[in-house]
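Read off the chains here:
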Amino acid sequence: MLNPSLIHDLAQQLQTARATRTQLRQLSKAHPEATLASAYAIQNAWLQLELNQGHSVKGRKIGLTSKALQQTFKATEPTHAPLMDDMFFSDGAELPTHRFIGPRIESELAFVLHKPLKGPNITLFDALDAIAYVTPAIEIIDSRMELIDPLTKVARSVIDQAADFAGCAGIVIGGRPMRPDAFDISRVGAIVYKNGAIEDTGVSAAVMNHPVNAVVWLANKLAESGEHLQAGELILAGAFTRPIPAALGDSFHIDFGALGCIGFNWA
């Protein structure tokens, strides 16, 4: 574990990197002694800086929910991070490119809770019972750390991703919210259109075989540190299409079938 002074300093550096759109060197390369516990300590310190500036937590993001991503990041389980109030954008909005460094978009499902989920020992049925509705979502991922270290030529690790708010920079929600018992949550398809052309497709079962399993994992993981999911929180469950780069002038819309379509333009 890094010492508290360094953890606070690194959190401030990440906050500044986001504001100035200037990437830092990867934590795992600049401080090879850092552990995953160090990464979450930095994330929590950055969260406190955001709260001190008047922002609030509106939910949670779950990342690295596929085996392929876990292997890429050398992770053994998913990661998580808070969703802040200034990360949310409306369906059909024009998103400001000046807010991001190298944005990419992913298709996801989001779950809004109507009652708390407090682990340990939360099951899939407990989580389904706590979900008020399911809504389609587009996550905007970004990195406040370099994707490839210029000295070692090595990609980011799970330590870098976790410290960096698990890569989350924004979320667009809309479409047609539905109750979780109204359809098969594990069989939601997504067709991603970029500038009118199909860029990728995917199915929600790619998220831990069933996206609600990600919510189960998070509820039980948070219990290890005495936390729990609260009523009203929005849980972003993980991507089931590949990250697609976005730039000024691009338009995106994603067709989620029965859950409707959502999209936005980069302004």
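Participant: Honestly, the overall build of the protein chain in this entry has me stumped. Any pointers?
Facilitator: Counting secondary structure elements, the protein chain contains 7 helices and 13 strands. Relative to its full complement of 267 residues, the protein chain shows a buried share of 52%. Counting contacts in the protein chain only where the partners sit at least 6 residues apart, residues at least 24 apart contribute 78% of the total. Of the side-chain charges in the protein chain, 22 are positive and 27 negative, and the distance between the mean point of each set is 2 Å.

Participant: Can you help me understand the side chain of Glu108 in this one?
Facilitator: By the secondary structure assignment, Glu108 is in strand 5 (residues 104-113). Although Glu108 is buried, it forms no salt bridge, and the closest oppositely charged side chain is Lys61 at an N-O distance of 5.2 Å. A polar contact is formed between the side chain of Glu108 and the backbone nitrogen of Gly238, at a distance of 2.9 Å. The residues touching Glu108, leaving out its near neighbours within four places in the chain, are Thr135, Pro136, Ala137, Glu139, Leu236, Ala237, Gly238, Ala239, Phe240 and Phe256.

Participant: Help me understand the sheet that holds strand 8 (residues 189-194), please; the structure alone is not making it clear to me.
Facilitator: Sheets are built from strands that pair by backbone hydrogen bonding, the pairs being arranged parallel or antiparallel. Ordered by their spatial adjacency, 5 strands build an open sheet running 4-13-12-8-9, and the pairing between neighbours is mixed. Two strands lie at the open edges of the sheet, namely strand 4 (94-95) and strand 9 (197-203), each paired on one side alone. Bridge count for strand 12 (residues 251-255) against strand 13 (residues 261-266) is 5 bridges, and the pairing is antiparallel. In the sheet register, Asp255 faces strand 13, and the bridge partner there is Cys261.

Participant: Please clarify how the pattern of salt bridges should be interpreted in this entry.
Facilitator: Note on pairing: side chains with opposite charge can pair once their charged atoms come close. Per the counting criterion, the structure on display carries 13 salt bridges. Across the pair Glu50 and Arg18 runs a salt bridge, and its minimum N-O distance is 3.7 Å. Of this pair, Glu50 sits in helix 3 (residues 36-52) while Arg18 sits in helix 1 (residues 4-20); the two residues are 32 residues apart in sequence, bridging distant segments of the chain. When its relative accessible area of 2% is taken as the criterion, Glu50 is described as buried. Notably, a salt bridge pairs Lys194 with Asp250, separated by 3.8 Å at the nearest N-O pair. Of this pair, Lys194 sits in strand 8 while Asp250 sits in the loop between strand 11 (244-245) and strand 12; the two residues are 56 residues apart in sequence, bridging distant segments of the chain.

Participant: I would appreciate a short explanation of the side chain of Ser66 in the present structure.
Facilitator: Mapped onto the elements, Ser66 comes out in the loop between strand 1 (57-63) and helix 4 (67-72). Classification of Ser66 by relative accessible area gives buried; the value is 19%. Side-chain polar atoms of Ser66 contact the backbone nitrogen of Leu69, separated by 3.2 Å.

Participant: I'm lost on helix 1 in this one. Help?
Facilitator: One full turn of an α-helix is made of 3.6 residues, so residues set three or four places apart face in the same direction. Between its first and last C-alpha atoms helix 1 spans 24 Å; for 17 residues at 1.5 Å apiece the expected length is 24 Å, and the two agree. Among all positions of helix 1, only Leu6, Ile7, Leu10, Ala11, Leu14, Gln15, Ala17 and Arg18 are buried. Turning to helix 1, the residues buried within the fold contact helix 2 (27-30), helix 3 and helix 6 (158-163). The opening residue of helix 1, the one whose side-chain oxygen lies 3.1 Å from the backbone nitrogen of Ser5, is Asn3. Just downstream of helix 1 lies Arg21, where phi reads positive at about 55 degrees.

Participant: Would you take a moment to explain the layout of surface pockets for this structure?
Facilitator: Of the pockets and cavities examined, the largest pocket occupies roughly 430 Å³. Lining the largest pocket are 21 residues; nearest its centre among them are Asn44, Arg60, His80, Leu222 and Glu227. If you list the elements that add at least two residues to the lining of the largest pocket, you get helix 3, strand 1, strand 2 (79-84) and helix 7 (212-223). Here the lining of the largest pocket gets 5 residues from one element, more than from any other, and that element is helix 3. Grouping the amino acids of the lining of the largest pocket by side-chain chemistry returns 7 nonpolar, 7 polar and 7 charged. Along its surface, the second largest pocket is lined by 22 residues, and Leu64, Leu69, Phe73, Glu106 and Ile141 are the ones closest to its centre. Residue composition of the lining of the second largest pocket, grouped by class: 9 nonpolar, 6 polar and 7 charged.

Participant: Which parts of the structure should I look at to understand unusual backbone geometry?
Facilitator: Of note, the amide linkage connecting Gly119 to Pro120 takes the cis form, showing an omega dihedral of 5 degrees. We note that Asn121 has phi near 70 degrees; this positive angle belongs to a residue other than glycine. Here Asn121 lies in the loop between strand 5 and helix 5 (124-130). The phi angle at Asn209 is positive, at roughly 75 degrees, despite the residue not being glycine. Summarising the element assignment, Asn209 is placed in the loop between strand 9 and helix 7.

Criteria and cut-off values
- Residues numbered from 1 in each chain as written.
- Predicted model: local features only at pLDDT ≥ 70, side-chain atom pairs only at ≥ 80, totals over all residues.
- Heavy atoms only, no water.
- Helix = DSSP H or I, 4+ residues; strand = E, 2+ residues; numbered from the N terminus.
- Buried < 20%, exposed > 50% of the residue type's maximum accessible area, 1.4 Å probe, protein only.
- Contact = heavy atoms within 4.5 Å.
- Lys, Arg positive; Asp, Glu negative; His and termini not counted.
- Charge placed at Lys NZ, Arg CZ, Asp CG, Glu CD.
- Salt bridge = Lys/Arg side-chain N within 4 Å of Asp/Glu carboxyl O.
- Polar contact = N/O pair within 3.5 Å; in protein donor to acceptor, adjacent residues only side chain to side chain.
- Pairing = 2+ DSSP bridges.
- Expected span 1.5 Å × (residues − 1).
- 1 Å grid on protein atoms, 1.4 Å probe; cavity = no way out; pocket = protein on both sides within 12 Å on 5 of 7 lines; lining within 4 Å.
- Points joined across faces, edges and corners; volume = space filled by probe spheres on them.
- Nonpolar A, V, L, I, M, F, W, Y, C, P; charged D, E, K, R; others polar.

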